[in-house]
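# Coordinates in review
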Amino acid sequence: MDNSRMDGDRRRLLIGAAALASAPLVAGLAGCQGAGKQEAAAGGVAGSGASSTVTTKLTGRRKLGTLEVSSIGLGVQNMHRTYQTTIPYRPEMINIIRVAFEHGVTFFDCAEAYGPHENERILGEAVAPFRDKVVITSKFGWNIDLETGARGPGLISRPDHIKLAVEGMLKRLRTDRIDLLYQHRVDPQVPIEDVAGAMKDLKAQGKVLHWGLSEMGLQTLRRAHAEFPVTAVQSEYSMLWRGPESKVIPLCEELGIGFVPWSPLGVQFLTGAIDENTRFAEGDFRSTETRFAPENLTHNMALVRLIKTWAERKNATPAQLALAWLMAQKPWIVPIPGTTQMAHMLDNIGADKLTFDEGELRELNTALAGISIRGERLPSAVQVFSDVEAPPKK
């Protein structure tokens, strides 16, 4: 985590949590790694003038640590509600997931906080016929009532709570194990060694096969990996937000940990669906991100123009160009664009066939380095949940 709907939910979760934990930032938003208009919504609709390189079958495979997955995954975070807070047609969401599998996607991303709980139910129903042929993920960590799904303030990663949360996930996902389970955000009250211990116990029971962290502090990742090897890190990363490149990705490379970018299409921005005149409807979380404020949009459109130019050059759509660029950075990076539209899902997986030679990648990266992005990726009350270090083990 079209990629846009996926991201909406993630951000709605974060904004909702921030509102509960600190101040009422945006009522009703809930999920920084997911809900809303599809990010990929624009997967080719943005008018690059180029024909789509949609593939009939995604054949690429990558390794997150020792876990093999398709080279592009599918985020299902927004399949219960879009950016505009409309409700997608549930049977069609299930159909998209199943067609994605038929077209080679084997990696599906979810979380208890998406819905809450509802997207796990959608994913569980969708993959039931081929459960043993796919990798499914979920996440714990937000203060979500285990029974009702009601959101409470802040975070909760006590080992006893994690284990109870997993029991609920297994029921909703209709499975006996979670292939990859992430801590959604670091709990500042719980040593990461305690969280890793819970993962050890769950793996010994066969209920969790691999684990990961999301938006964590660097030392927390080191400590977690030392306690119990981490398979993957999931954080925001795209042409729009390149923050992980300085420290997080190098650390993942050092430790042999895979990287899963959420919001790989910049909540629809990189697809060309947003322009200088775009104004967001009430309830659309993107209105809270200053990078999309009117005073910053005109400046930031330079990035979209660059992407469209390269998409035409490579006979691809803007979404495919942006996803292929991510995959070209490291062979263990696996983006998870989300969508609620079949055409966008098929367009996104076409990025698997798009490659850059060494000279092209160097040229594109040089051009990207010359573009600055104005504005913040998240409101400050939400950003405080990222880059957090867990307390020391006493």
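Within any chain, residue numbers begin from 1 and follow the written order of that chain's sequence. With the structure being a predicted model, the display of local features is reserved for residues of pLDDT at least 70 and the display and counting of side-chain atom pairs for 80 or more, all residues being used for whole-chain, interface and lining totals. With hydrogens and water set aside, each side-chain value is computed from the structure's full complement of heavy atoms.

Glancing now at the pairing of strand β9 (residues 180-183). The buried label applies to any residue whose accessible area, calculated with a 1.4 Å probe on protein chains only, is under 20% of its type's maximum; exposed applies above 50%, and partly exposed to all values in between. Every helix listed is a DSSP run of H or I at least four residues long, and every strand listed is a run of E at least two residues long, numbered separately from the N terminus. Burial along β9 is two-sided: the face carrying Leu-180 and Tyr-182 and the face carrying Leu-181 and Gln-183 are both buried. A pair of strands is labelled paired if DSSP reports no fewer than 2 bridges between them. Relative to strand β10 (residues 211-214), β9 is paired through three bridges, and the arrangement is parallel. Counterpart to Leu-181 in the pairing with β10 is Trp-211. Assignment of crossover handedness uses the view with strands pointing away from the viewer, where a clockwise path from the first strand over the helix to the second indicates a right-handed crossover. Where the polypeptide runs from β9 across helix α5 (residues 192-204) and back to β10, its parallel neighbour, the crossover connection is right-handed.

The next subject is the pairing of strand β8 (residues 151-155). Here two bridges tie strand β7 (residues 142-144) to β8, and the two strands are oriented antiparallel to one another. Its bridge partner being in β8, Ile-144 is matched across the sheet by Arg-151. Between β7 and β8, which follow one another and run antiparallel, lie six residues, and Gly-149 among them has a positive phi close to 80°.

What follows covers the side chain of Lys-314. Considering the arrangement of structural elements, one finds Lys-314 in the loop between α8 (294-313) and α9 (318-329). Overall, Lys-314 belongs to the buried group, its relative accessible area being 17%. Counted as a polar contact is a pair of N or O atoms within 3.5 Å, where, for protein atoms, one must be capable of donating a hydrogen and the other of accepting one, and residues adjacent in sequence contribute only when both atoms are in side chains. At 2.8 Å, the side chain of Lys-314 forms a polar contact with the backbone oxygen of Thr-355. Engagement of the side chain of Lys-314 in a polar contact is seen with the side chain of Glu-360, the distance being 3.0 Å.

The geometry of a pair of packed helices is captured by two quantities: the angle between their axes and the separation between those axes. Where α5 meets helix α6 (residues 218-227), the closest approach of the two axes is 9 Å, and the angle between their N-to-C directions is 35°. Regarding α5 and α6, the two cross each other, and that crossing is right-handed. Every residue of α6 that contacts α5 at Ile-192, Glu-193, Ala-196 and Lys-200 is listed here: Thr-220, Arg-223, Ala-224 and Glu-227. For this classification, the nonpolar set comprises Ala, Val, Leu, Ile, Met, Phe, Trp, Tyr, Cys and Pro, the charged set comprises Asp, Glu, Lys and Arg, and every other residue, Gly included, is treated as polar. Class assignment for the residues of the contact of α5 with α6 results in three nonpolar, one polar and four charged. Only the stretch in contact is used when a helix axis is fitted, and all axes are lines through C-alpha atoms; the angle between N-to-C directions ranges over 0 to 180 degrees. We call a crossing left-handed when the near helix sits turned anticlockwise from the far one by less than a right angle, and right-handed when that turn is clockwise. The contact definition used throughout considers only heavy atoms, calling two residues in contact when any of these lie within 4.5 Å.

Geometrically, the link from Gly-115 to Pro-116 is a cis peptide bond, its omega value of -20° lying close to zero. Structurally, the position occupied by Pro-116 is in the loop between β5 (107-109) and α3 (118-127). Phi at His-117 takes a positive value of approximately 75°, unusual for a residue other than glycine. Within the secondary structure, His-117 sits in the loop between β5 and α3. Not every positive phi belongs to a glycine, and Asp-387 is a case in point at roughly 60°. Among the structural elements, Asp-387 can be located in the segment after α12 (380-383).

This part takes up the sheet that holds strand β12 (residues 258-262). The strand order across the open sheet formed by seven strands is β4-β5-β6-β9-β10-β11-β12, and the pairing between neighbours is parallel. At either margin of the open sheet sits one strand with a lone partner, and together these are β4 (74-75) and β12. Of the strands in this sheet, β6 (135-140), β9 and β10 are in contact with α5, which crosses β10 at around 145°.

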